[in-house]
Amino acid sequence: MGKIKKYIPFNNIPIIILLCFFDIIIIGIDCEFRNALIIVKRFTEMFFILTCCFMVLSKLKVYINFCITAVGVLSAIAFLLELHCLKSFGFRVNETIVQAILLTNRREALEYLYGYIGIKELILVIMTIVGLIIAIRFSLYEKHICKQKVLTNIIVLLYLWGGVQLSVSFVESYRVEKNMKSSIVKYFDEYSMIRCVNVTRFAIKDLNIRKNSNKIATVIKNNSDIDNVVLVMGESSTRSHLSVYGYYLKTTPYLEEWNSSENLIAFDNVISSFCGTNPSFASMFTFRNYENNMPWNKSENLISIMNECQYKTYWISNQEKVDSWGSAIAAFSDCARVKYYTNEFASPRDGRSGRYDELVLDFLNRRFEKSEKNFFVFHLMGSHEIFSERYPEKYRIFSSYDIKDNVINGNKEIMANYDNSILYTDYVLNEIIKNFSQEDAIILYISDHGEELFNEINNFTHANTQEGLEIPFIVWCSERFKEKHFEKYKSIQNAKHKPFMTDDLIHTILDLCDIESKDYDKKRSLFNKNYEEKRQRIILQNYVSPVDFDKIYNPKQ
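All values derive from a computational prediction rather than experimental measurement.

Peer 1: Give me the lowdown on the overall build of the protein chain, citing residues and values where you can.
Peer 2: The secondary structure content of the protein chain amounts to 21 helices and 15 strands. Per-residue burial over the protein chain gives 54% buried out of 557 residues. Across the protein chain, the fraction of contacts at a sequence separation of at least 24, relative to all contacts at a separation of at least 6, is 77%. Roughly 26,300 Å² of accessible area belongs to the protein chain as shown, and the carbon and sulfur atoms make up 57% of that amount.

Here it is as structure tokens:
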């Protein structure tokens, strides 16, 4: 212990303690202080990390004062910003909030401050500044703590215990992530200052990409005459857990009812081109595919093409506008003539309950002026983890006792929550269908990707596995659509069992609408008689090696 003492920067302990308090207050509020042991554990871990950092800083004697002050000030700013976000919006800082700050002008900023900053907020800011000044002063000029033997022993024990706790945390995280780098990044992203730096860095990068993305469309033919084309984008929905496809639990009773009336066609051989949301969207809404590997932001996109063809385009979303996984979704939504976010600043990483997908129905219940031709995109939260946060209490129908899969009880509970989220999505889809049932309308429901649920991997995650890639693709046609576009309806029915990958979705929707743009290819449209069924469906196995999906999972096809 004596050897350790001489390395610990005891005079920096006041600033270290303050920064630890910044961290645990944010973590505590975010998890509603449900578990005191987790808060204490986090405090000891951060104490160890910060002590190690200040050990290194103490060697840089020339810059020590500047480093201590800079770290303290940046941490205080991040702490106040995160605290304000938690209080005002219910979640921590994310990329959308940072972009809103970056795009805000002086007048808007002053109006916001007048509207949201009160006496309590000013007192908190003053207390933070005073605490920071005191901690920095003691850290830079006071040496008394080194003379207190009992106190120095407590600090050493706290340091050692924090090191043990941190090692345990990384081991547990590695068991889930299977990647040490990912485990470390995920852990430090919870620290307010690092989190704010990361989301700011990405927010700036995203704004630049969106600014330079292609919004021009070259339309060669436009014979579109469908009044309402509706694309519902699901989230993490794997085909094998929908009862309309034969799942043993009745997770889609409404879709099954529509299926029996011949208004609905459930395609049973569709896979996602990627197991992540942003690359999936990028390939579905543009002409990017594995053959041309075109950058998505240089390609024409579906929304811009529909705009050019006199469709009034709508983007209605219960997800965040942008997050750290990519910027394609925000770029596409920017192109829509009407944009509606249930909560523009929210992010699924925050895992908050209450933002259920039925919120998108509020838009349909409003009085809004439709055009003669309308193209709607609904982006649902669907079955995004945390599954138990994706549905209201009354949809908590299935429990671990209903799960027949050969998995441990804890995993059965996770699967039951997942199935409840599918059940709730079935309700939301039915409400959207009912809204268009008396009109000339076609509704296409497709998920961005599936979800691996303890089948090939002993975990629930996005993965390039069979469950992770096999997704539902469901088309519903109104009676008026069937009468007015009978030949299209028959071609949709005839394609029910054909193999399809979602990077050809843009070709399929354009073909459905009798639209051709410069990169359109009728051989890539699922509903076209010239559709190339023998196209290889190439995926990235283990995210590295390109392989043919059907050779692995459908060798007889």
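So much for the structure itself; the text now carries on.
Peer 1: Just give me the short version of the side chain of T51, but keep the residues and values in it.
Peer 2: Secondary-structure assignment places T51 in helix α3 (residues 36–59). We classify T51 as buried; its relative accessible area is 0%. A polar side-chain atom of T51 sits 2.6 Å from the main-chain carbonyl oxygen of F47.

Peer 1: Requested: an account of the pattern of salt bridges, with residues and values cited.
Peer 2: The tally for this structure, following the rule as stated, stands at 19 salt bridges. Here E256 and K250 are joined by a salt bridge, their closest N and O atoms 3.3 Å apart. With a closest N to O distance of 3.0 Å, R535 and D504 form a salt bridge. Here the residue R535 occupies a position in the loop between β13 (515–517) and β14 (538–541), and D504 occupies one in the loop between β12 (500–501) and α20 (505–512), the gap between them amounting to 31 residues. Owing to a relative accessible area of 16%, R535 belongs among the buried residues under this scheme. Overall, D504 belongs to the buried group, its relative accessible area being 1%. One network of salt bridges, with partners in common, ties together E291, D503, D504, R524 and R535.

Peer 1: Run through a nonpolar patch on the surface, naming residues and quoting values.
Peer 2: Taken together, the side chains of I119, L122, I123, I126, M127, V130, I134 and F138 define a hydrophobic patch exposed on the protein surface, amounting to about 780 Å² of accessible area. When you line up the elements, V130 lands in helix α7 (residues 119–141).

Peer 1: Pulling in residues and values, what's your account of the packing of helix α12 (residues 277–284) against helix α14 (residues 328–335)?
Peer 2: The interhelical angle for the contact between α12 and α14, taken along N-to-C directions, is 45 degrees, at an axis separation of 8 Å. Relative to α14, the element α12 lies oblique. Judged by residue contacts, T277, N278, F281 and A282 of α12 engage A328, I329 and F332 from α14. A class-by-class count of the residues in the contact of α12 with α14 yields five nonpolar, two polar and no charged.

Peer 1: Quick rundown of the pairing of strand β8 (residues 441–447)? Include the residues and the values.
Peer 2: Remember that side chains alternate between the two faces of the sheet whenever the strand is regular. When you tally the buried positions in β8, you get seven out of seven residues, the bulk of the element. Neither face of β8 is open: one carries A441, I443, Y445 and S447, the other I442, L444 and I446, and all of them are buried. By the bridge criterion, seven bridges tie strand β2 (residues 228–234) to β8 in an arrangement that is parallel. Across the sheet, the residue bridging to V230 is I443, located in β8. Here β8 runs beside strand β11 (residues 473–477); their pairing, made up of five bridges, is antiparallel.

Peer 1: Now, about the side chain of E82: what can you tell me, with residues and values included?
Peer 2: Among the secondary structure elements, E82 is positioned in helix α4 (residues 64–88). Setting aside residues no more than four positions away along its own chain, E82 makes contact with I26, R92, V93, S192, R195 and C196.

Procedures and definitions
- Residues numbered from 1 in each chain as written.
- Predicted model: local features only at pLDDT ≥ 70, side-chain atom pairs only at ≥ 80, totals over all residues.
- Heavy atoms only, no water.
- Helix = DSSP H or I, 4+ residues; strand = E, 2+ residues; numbered from the N terminus.
- Buried < 20%, exposed > 50% of the residue type's maximum accessible area, 1.4 Å probe, protein only.
- Contact = heavy atoms within 4.5 Å.
- Areas by Shrake-Rupley, 256 points an atom, 1.4 Å probe, with all protein chains shown as cover.
- Polar contact = N/O pair within 3.5 Å; in protein donor to acceptor, adjacent residues only side chain to side chain.
- Salt bridge = Lys/Arg side-chain N within 4 Å of Asp/Glu carboxyl O.
- Patch = residues over 30% accessible without salt bridge, like charges linked within 9 Å, V, L, I, M, F, W, Y side chains within 5 Å.
- Axes fitted to C-alpha atoms, helices over the stretch in contact; angles between N-to-C directions.
- Parallel < 35°, antiparallel > 145°, perpendicular 65-115°, else oblique.
- Nonpolar A, V, L, I, M, F, W, Y, C, P; charged D, E, K, R; others polar.
- Pairing = 2+ DSSP bridges.

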